[in-house]
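The primary structure of each chain is shown beneath.
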Amino acid sequence: MKEIRFTVVLALLMMAAGCGKAEVEASFAYSVSSPDGVLTAHVGLTPEGQPCYKLERGGAEVIKPSRLGFGLVAGPGEEWDDPVIKNARTGMRFTGGRDLYSGFSVLGTSTDSLDETWQPVWGEESEIRNNYNELLVRLGREDGVRMDLRLRLYDDGLGFRYEFPQENKLRYFNVAEELTEFAMTGDHIAWWISGDYDTQEYNYTRSRLSEIRSHSDGMRLSNASATGFSPTGVQTALQLKTDDGLYINIHEAAVVNYPTTNLELDDAHLVFRTWLTPDAEGVKGRLQAPCVSPWRTVMVVDDARKVLASRLILNLNEPCALEDVSWIHPVKYMGVWWEMISGKNEWSYTYDIPSVQLGVTDYSVLKPHGRHGANNDNVRRYIDYAAANGFDAVLVEGWNEGWEDWFGCQKDYVFDFVTPYPDFDLPALNKYAHDKGIRLVMHHETSSSVINYERHMDAAYALMNQYGYDAVKSGYVGNIIPYGEHHYSQALINHYIYALKKAADYHIMVNAHEAVRPTGLCRTWPNLIGNESAMGTEYRARINPGHTTILPFTRLQGGPMDYTPGIFEQDMAVSAPGQTGKMRHTIANQLGLYVTFYSPLQMAADYPENYDRFPDAFQFIKDVAVDWEKTLYLEAEPGEVIVTARKPKISTLNAAAEGVAKLADGKKDMLSGAARFVYGLPEGASAKALKGARPLDVWYVGGVGGENERDVTVALDFLDPEKMYEATLYTDGPEADYETAPQDYTICKYNVTSKGFIEIHIARGGGFAMSLREIRK
């Protein structure tokens, strides 16, 4: 082995990071255009042989020339004669490091295109068009290193990734830094949250790019696990708006066996660079050829509604990996959850013991503290209420032993996911639920002890199969074990996918909280029916007005969110005496979320007794569908307003009839409630009433606003022009305001046609919801 020179070389990575050079000088000899010809991506090389790209719209730059490449750490078996390199951005030193950003030449190129339509298992529409033109640029160096660039250009944006072929000097290699750049053309407006390795649970800030540094510290909230890295670091999806009205969204797709990236802004030159999440040793990716990076994505559109309509991230993911998807279905659920979040009850069972050892602690001899939410009587109450109101499932948190010391102790063996507390009779409660047509949703809080979850996963999923559970809510609260790992590092990305694959083996759907933000993997693994990975309802009074008008532009770009809407009582002191704080939304706002926030997993999160106080408003939550045939975005601007219209998906008439038949037998599946509403069946109607019936045309419209009140006009031209509809409109009342009158709402009914329009006032922190149902002639 050649002697390694212990010389610190700063210039190499500084040059690649653009620290001394504002503009990229390169020859762009290769290009690809979008199918409609509006967008064009160019690829070229600098005089030093560094690959670069730029993106144009209508001939004008939207991403200026930007560098590509990596700084590497020597992998096992590599004998590279290079000095120790100090990473100019992190200060970390990597023995045997090597650049992967210079000395390249183009070995060849190829092009391809695709125009297909695919059907998601669930989604915002029943069919998605996947239409792109592709350019593959094969790069190589004299030392035998190969690195290819694959670009796919859609009408609404660009996806590109690095590919490392089998025939390559690179075999096993570690990433010190990915050096992908996004050079901005101006000081754009951005909607952003601070860069972090462990959480996205922040309110969004709207500012100019040049103002990110000054806002960064003030926007960070306390969190069970948070690791910032830079005063100009932000997370994707990053929503931008140029002064001439273009909407640019930077994100990533198909993150597999690779860490999640943040973006760090060089605010002197307005250039973003990828900033990968490191592992416990500081390495930012351990790769083996052949392999690929995630797709780096740049969406560019001229209308905010087109951002919401884009399926760029989903299309860049692989097709469904499951042959049988018949067991995957949307879910509308309630749960023993909000009473713990609000402080009314607790997850734990006893105060008698401060330290729990599973298999040793005998809960049967301990005195219950009387505030355990997951007790038999309380769970039956939720089951009864869910069944009586047409829901599909009930989530129960805190059912299993170990909650007395689960948080903050960094315990390895914290839960076993199979042993219930003494007051939770799992077999009896499960039978009680099934007899009423309700499924229970299992809760697996890992307390971020990932190694413990993996050792118990088979037994936990087998228990779910034994009792007929088909969905699990997993949680990753706290700092990760193995110690030193992060929620978004490569090891954890692999864990989340392992959990999905293992769950699929048991026909279990997964709703992961505190896990990594989704990047479209629900196309490949449609049993991923929900994620949290953003500031949701559990943050109560800390959520800013307008937060829910930003999330569809950012977090929801990669997949649906289990936001847990439907909170009718905003005052925490009413929900849980002794608590403080008031949530900043109106009841009409909460109804609107069931349409503007897409998720195949939708919760009615409030207490049953709060819904009983507002039964007419609760009716919309009972009626609204959770799976869609078609979606239209009628009005949108991040931070201000979103208005969405959706048409429910009824798979087949026979399936709907079967759902009603099950109702008559005391059983209920996911279609039965929708079938009863769509077909206008009275209580007790039999499946025979559906034979030969024509489905009624039904639409739902929802809107949410921000800090300022506003008026919107909903044109009904999306309705069938040959039909008359009954519109039921739920709006903010005349005095509604999130601070002074959050529970003021009005319900009106109209007969309308496609020629009509409805003018609606949205209060501060407000919204509206509307059902449109064909009137049968």
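Above this note sits the structure.
About the criteria used
- Residues numbered from 1 in each chain as written.
- Predicted model: local features only at pLDDT ≥ 70, side-chain atom pairs only at ≥ 80, totals over all residues.
- Heavy atoms only, no water.
- Helix = DSSP H or I, 4+ residues; strand = E, 2+ residues; numbered from the N terminus.
- Buried < 20%, exposed > 50% of the residue type's maximum accessible area, 1.4 Å probe, protein only.
- Contact = heavy atoms within 4.5 Å.
- Areas by Shrake-Rupley, 256 points an atom, 1.4 Å probe, with all protein chains shown as cover.
- Axes fitted to C-alpha atoms, helices over the stretch in contact; angles between N-to-C directions.
- Parallel < 35°, antiparallel > 145°, perpendicular 65-115°, else oblique.
- Pairing = 2+ DSSP bridges.
- Expected span 1.5 Å × (residues − 1).
- Phe/Tyr/Trp six-rings, centres within 6.5 Å; stacked < 30°, edge-to-face > 60°.

Trainee: Could you give me a rundown of the overall build of the protein, with the residues and numbers involved?
Mentor: Looking only at helices and strands, the protein has 16 helices and 39 strands in total. With 777 residues in all, the protein has 64% of them scored as buried. A sequence separation of at least 24 residues applies to 73% of the contacts in the protein between residues at least 6 apart. For the protein, the accessible surface area stands at approximately 27700 Å², while carbon and sulfur atoms represent 48% of it.

Trainee: Just give me the short version of the packing of helix α8 (residues 450-467) against helix α9 (residues 490-505), but keep the residues and values in it.
Mentor: One way to put it is that α8 packs onto α9 with a least axis distance of 11 Å and a crossing angle of 5 degrees. Considering their axes alone, α8 and α9 lie roughly parallel with respect to each other. Here V450, Y453, E454, M457, D458 and Y461 of α8 come into contact with α9, specifically with L492, H495, Y498, A499, K502 and A503.

Trainee: Residue-level account of the sheet that holds strand β13 (residues 172-178), with values.
Mentor: One key point about sheets: their strands pair by backbone hydrogen bonds, in either a parallel or an antiparallel sense. Strand order in the open sheet made by the four strands is β8-β5-β13-β22, with antiparallel pairing throughout. Two strands bound the open sheet, and with one partner strand each, they are β8 (98-100) and β22 (286-288). Recorded for the sheet is a direction-independent mean angle of 40 degrees between the axes of neighbouring strands. Looking at chain direction, β13 and β22 are connected through three bridges and run antiparallel. Pairing of N174 across the sheet is with R286, part of β22.

Trainee: So what about α8? Which residues, and what values?
Mentor: Compared with the 26 Å implied by 1.5 Å per residue over 18 residues, the 24 Å span of α8 between its first and last C-alpha is a close match. Those residues of α8 lying buried are V450, N452, Y453, H456, M457, A460, Y461, L463, M464 and Y467. Those residues of α8 that are buried lie in contact with α7 (426-435), β27 (439-445), β28 (471-475) and α9. A positive phi of about 80 degrees marks G468, the residue just after α8.

Trainee: Break down the sheet that holds strand β39 (residues 767-774) for me, with residues and values.
Mentor: With respect to topology, six strands assemble into an open sheet ordered β32-β33-β34-β39-β36-β37, the strand pairing being antiparallel. Two strands close off the open sheet at either side, each with one partner strand: β32 (628-637) and β37 (745-752). The sheet shows a mean angle of 15 degrees between the axes of neighbouring strands, taken without regard to direction. Here eight bridges tie β32 to strand β33 (residues 641-648), and the two strands are oriented antiparallel to one another. The partner of E635 across the bridge, within β33, is V643. Contacting β32, β33, β34 (698-705), β36 (725-732), β37 and β39, helix α12 (residues 587-596) crosses the sheet at an angle of about 125 degrees to β34.

Trainee: Before we move on, can you summarise the packing of aromatic side chains with the specific residues and values?
Mentor: Counted according to the given criterion, the structure contains 34 aromatic pairs. A centroid spacing of 4.9 Å and a plane angle of 55 degrees characterise the contact between F417 and Y453, whose relative ring orientation is tilted. Here F417 is found in the loop between β26 (393-396) and α7, whereas its partner Y453 is found in helix α8, with 36 residues between them in sequence. Given a relative accessible area of 0%, F417 falls into the buried group. Where W699 meets F718, the ring centres are 4.9 Å apart and the plane angle is 55 degrees; that geometry is what we call tilted. One end of the pair, W699, is in strand β34; the other, F718, is in the loop between β35 (710-715) and β36, with 19 residues separating them in the sequence. The same class applies to W699 and to F718, which are both buried.

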